[in-house]
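# Summary of the model geometry
Each chain, written out:
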Amino acid sequence: MGHLLNGAEKKQNHHIVIRFLSLGLFLVAWHLAARAGWLQLPTPLETLKVLIRLIVSGDPYYRRTVQELTLSSLQVVMEGALAGCILAIPLGLAMGWWRSAEAALNTLIEIFRPIPPLAWIPVAYLLFAALPSPTIYVQIFVVFVGVFFPVLVNTVAGVKGVQPVHLDAARTCGAKPVEIIFKVVVPSALPLVVTGIRVGLGVGWMCIVAAEFVGGRMGIGYYIWSAYNLGGRNAEILSGIVAIGAVGYILNQGMLWLERRLMPWRFL
Amino acid sequence: MALSVENVSLKYGELRVLDNVTFEVNEQEFVCLTGPSGCGKTTLLKIIAGLITPDSGRVLLYGRPPSVEHGEIGFVFQEDALFPWLTVKKNIAFGLEIQKVPREEINKKVEAYLELVGLKSFGNYYPQQLSGGMRQRAGLARALAYGPKVLLMDEPFSSLDAQTRNELQKELLRIWSKEQKTVVMVTHSIDEAVFLADRVVVLTRRPGRLKADVPIEMPRPRERTEPQFNKIRQQLLKMIEPELREVGGNKEAY
Ligand SMILES: Nc1ncnc2c1ncn2[C@@H]1O[C@H](COP(=O)(O)OP(=O)(O)OP(=O)(O)O)[C@@H](O)[C@H]1O
Ligand SMILES: [Mg+2]
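Residues numbered from 1 in each chain as written. Chains lettered and ligands numbered in written order. Predicted model: local features only at pLDDT ≥ 70, side-chain atom pairs only at ≥ 80, totals over all residues. Heavy atoms only, no water.

## Focus: the overall build of chain A
Of regular secondary structure, chain A possesses 11 helices and 0 strands. Reading the secondary structure of chain A in the N-to-C direction produces α-α-α-α-α-α-α-α-α-α-α. The principal-axis extent of the C-alpha atoms belonging to chain A is close to 70 × 55 × 30 Å. Relative to its full complement of 268 residues, chain A shows a buried share of 45%. Split by element, the accessible area of chain A, about 14,600 Å² in all, is 69% carbon and sulfur. For chain A, the centre of its 20 positive side-chain charges and the centre of its 12 negative side-chain charges are spaced 5 Å apart. (Helix = DSSP H or I, 4+ residues; strand = E, 2+ residues; numbered from the N terminus. Buried < 20%, exposed > 50% of the residue type's maximum accessible area, 1.4 Å probe, protein only. Areas by Shrake-Rupley, 256 points an atom, 1.4 Å probe, with all protein chains shown as cover. Lys, Arg positive; Asp, Glu negative; His and termini not counted. Charge placed at Lys NZ, Arg CZ, Asp CG, Glu CD.)

This is the structure:
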């Protein structure tokens, strides 16, 4: 986690044909396998037809378009991610900076960190049982857990990676501790913090889809799971999968774009 | 007296690094500090800057202990110390911003120091877009921009090729006489010390003690081809050689 490309690797910006070659081959293989009956699934084209219908007129059973379903999930992810970042970034800064803060919290965090976010679903339903609509809180909580740890771990690593010579340089210029934190520690740690958020959003997106299988009547995860339970709606399920993949891809690309905007010096 | 180092000793745990080092530097004097690798030169500079407190002894800067918070010291580091996330301009402005200098004045000073170190057209470059020599120039500009009285330099040119190094030595002398700073510069190169310094302070191998304090009485500009230059160089080498033999260290570096 938090591995960053450097040197020539990141400069490679291959021709669009090469970049989408693997996707094209995959679609061809899928098509052939579905045609030959090796896969009990609709072909890519059949899926695309249904997907377009779901985008344009929506699913009559649910009275929702696929983008409404996806955006509803995305909103939950954003809320959970925001909560995760608000807690993880300051905590990570503190743990990276003060050994005592790390010592005090590390055991607790290392015990909670390996627990899969989805394992919290039943616990969260118990926790939020008294609230009027617990499901939404459960989902936000699960995303929160999924985002929290990658952001925390990367922020701690980012702060620890601050070059001592940069701290000394700032000190000789007369920087006081608060200035050192905001003008040296934060920019030094930023690349890893953003990587943590990017990884966290990916995890959060996986979490929400799974959490929607279990409860609630909204979101893209709920849609594909209930479409499966209705039966005979394979193209709808695959359309949902395509939407999930597309949103995950866009989230990641959006974060990569943000990295370039926030840290131009890393992409020279 | 601009700077006095009085009986400074320091240990890192059990490791004795500096042992009772005493010397003084006059206003606007250029002093080179040399000694075997690991004898505590960097540590001594950091003590002078107030970044590290010695176990015993003290440093006085114009009669007061150094305080990093006042920006009295400009420090050029042994390794690359520019902030990679800031452009050259913003690196140079860093100290000025910390000292809460008004914006217009910062802009003026940044331009002036870019010009001084010959990086006029590179202000908007990021450090990693610069060559090693240009980075050292930018580091020097950052250290000078906020107007410190004393400039401490830790082997600023050690990673540069001989040609760039000679060029920067000349530039440094030009800047030094223009800016009228007191300079303490660590170097492993006797040649560099003889070319630059008013005085050379030599430390022994670790724990670093004062081995010699040698004035270089030779008018500037100095020419490396002059017989006098070579004579002084030989004298200094003779003085330092025993230290190197004791460590079994490498003479080549000198
Ligand atoms: N932060 C530190 N903690 C423990 N030991 C240290 C620390 N910094 C330096 N030392 C030790 O102190 C000794 C002196 O280090 P210093 O960097 O001052 O040497 P130096 O004379 O600058 O060497 P060089 O010429 O190689 O740069 C070395 O043996 C080094 O291992
Ligand atoms: Mg050193």
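Having put the structure on the table, let's press on.
## Digging into empty space enclosed by the protein
In this approach a probe as big as a water molecule rolls over the atoms, and the regions it shows empty are the leftover space. All names here are of chain B. Summed over all chains, the structure comprises 3 cavities of 30 Å³ or more. Empty space within the largest cavity amounts to approximately 80 Å³. In terms of lining, the largest cavity is formed by Val76, Val117, Gln136, Arg137, Leu140, Met153, Pro156, Phe157, Leu168, Glu171, Leu172 and Ile175. When contributions to the lining of the largest cavity are tallied by element, the ones reaching two or more residues are α4 (132-145) and α5 (162-179). Per-element accounting of the lining of the largest cavity gives the leading share, 4 residues, to α5. Class assignment of the residues belonging to the lining of the largest cavity gives a composition of 9 nonpolar, 1 polar and 2 charged. Looking at the lining of the largest cavity, you find at least three residues from each of domain 1 (1-72 + 148-238 + 247-254) and domain 2 (82-147). By volume, the second largest cavity amounts to about 70 Å³. (1 Å grid on protein atoms, 1.4 Å probe; cavity = no way out; pocket = protein on both sides within 12 Å on 5 of 7 lines; lining within 4 Å. Points joined across faces, edges and corners; volume = space filled by probe spheres on them. Nonpolar A, V, L, I, M, F, W, Y, C, P; charged D, E, K, R; others polar. Domains from an automatic or database assignment.)

## Description of the site of ligand 1
All names here are of chain B. Close contacts around ligand 1 come from 14 residues, with Ser37, Lys41, Thr42, Thr43 and Arg206 the closest. Residue Cys39 places a main-chain N or O atom 3.2 Å away from an oxygen atom belonging to ligand 1. One nitrogen or oxygen atom from the side chain of His188 is found 3.2 Å from an oxygen atom belonging to ligand 1. Starting from 630 Å² of accessible surface for ligand 1 in isolation, the protein chains cover 62%. Those elements giving two or more residues to the shell around ligand 1 turn out to be β2 (15-25) and α1 (41-49). Here the shell around ligand 1 gets 3 residues from one element, more than from any other, and that element is α1. By residue class, the composition of the shell around ligand 1 is 4 nonpolar, 7 polar and 3 charged. (Near = heavy atom within 4 Å. Polar contact = N/O pair within 3.5 Å; in protein donor to acceptor, adjacent residues only side chain to side chain.)

## Some remarks on the packing of helix α4 (residues 66-97) of chain A against helix α9 (residues 177-214) of chain A
All names here are of chain A. As a packed pair, α4 and α9 sit with axes 8 Å apart at the nearest point and diverge in direction by 145°. Crossing angle aside, the handedness with which α4 passes α9 is right-handed. Contact residues: Thr70, Ser73, Leu74, Val76, Val77, Met78, Ala81, Cys85, Ile89, Leu93 and Trp97 in α4; Ile180, Ile181, Val185, Val186, Val193, Ile197, Leu201, Gly204, Trp205, Ile208 and Glu212 in α9. Per-class residue counts for the contact of α4 with α9 are 18 nonpolar, 3 polar and 1 charged. (Axes fitted to C-alpha atoms, helices over the stretch in contact; angles between N-to-C directions. Left-handed = near helix turned anticlockwise from the far one by under 90°. Contact = heavy atoms within 4.5 Å.)

## So, the packing of aromatic side chains
All names here are of chain A. Scanning the entire structure with this criterion turns up 17 aromatic pairs over all chains. Seen in terms of ring centroids, Phe26 and Trp30 are 6.2 Å apart; in terms of plane orientation they differ by 50°. Their pairing is tilted. In this pair, Phe26 and Trp30 are both assigned in helix α2 (residues 21-35), 4 residues apart and thus about one turn of the helix distant. Note on Trp30: relative accessible area 13%, which makes it buried. (Phe/Tyr/Trp six-rings, centres within 6.5 Å; stacked < 30°, edge-to-face > 60°.)

## Describing unusual backbone geometry
All names here are of chain B. Cis peptide bonds are those with omega within 30 degrees of zero, and the linkage from Arg206 to Pro207 qualifies with -5°. Counting through the fold element by element, Pro207 comes out in the loop between β8 (199-203) and β9 (210-215). Along the chain, Arg220 connects to Pro221 via a cis peptide bond; the corresponding omega equals -5°. Inspection of the secondary structure assignment puts Pro221 in the loop between β9 and α7 (227-247).

## Remarks on the sheet that holds strand β1 (residues 3-12) of chain B
The strands making up a sheet associate through hydrogen bonds between their backbones, and the pairing can be parallel or antiparallel. Residues and elements named next belong to chain B. Taken in spatial order, the 3 strands make up an open sheet running β2-β1-β4, and their pairing is antiparallel. Each edge of the sheet is formed by a strand with only one pairing partner; in this case those strands are β2 and β4 (56-61). Direction aside, neighbouring strands of the sheet carry axes that sit 20° apart on average. In the sheet, β1 pairs with β4 via 5 bridges, with the strands oriented antiparallel. Directly across from Ser9, in β4, lies its bridge partner Ser56. (Pairing = 2+ DSSP bridges.)

## Let's talk about the pairing of strand β3 (residues 30-34) of chain B
Residues and elements named next belong to chain B. The buried fraction of β3 is high, at 5 of 5 residues. Along β3, one buried face is formed by Phe30, Cys32 and Thr34 and the opposite face, lined by Val31 and Leu33, is buried too. Relative to strand β7 (residues 182-186), β3 is paired through 4 bridges, and the arrangement is parallel. The residue bridging Phe30 from the neighbouring strand is Val183, located in β7. The sheet contact formed by β3 and β8 spans 4 bridges and is parallel. Bridged to Leu33 within β8 is Val201.

## Brief notes about the coordination of the magnesium ion (ligand 2)
All names here are of chain B. Looking at the magnesium ion (ligand 2), the protein donor atoms are Thr42 (OG1) and Gln78 (OE1), and they sit 1.9 to 2.4 Å from it. Placement of Thr42 in helix α1 and of Gln78 in the loop between β5 (73-76) and α2 (88-98) is noted, with a sequence separation of 36 residues between them. A residue is classified by how much of its surface remains accessible, and Gln78, at 33% relative accessible area, is partly exposed. (Donors = N, O, S within 2.8 Å, 3.2 Å for Na, K, Ca; no water.)

Geometric values such as these leave the question of function open.
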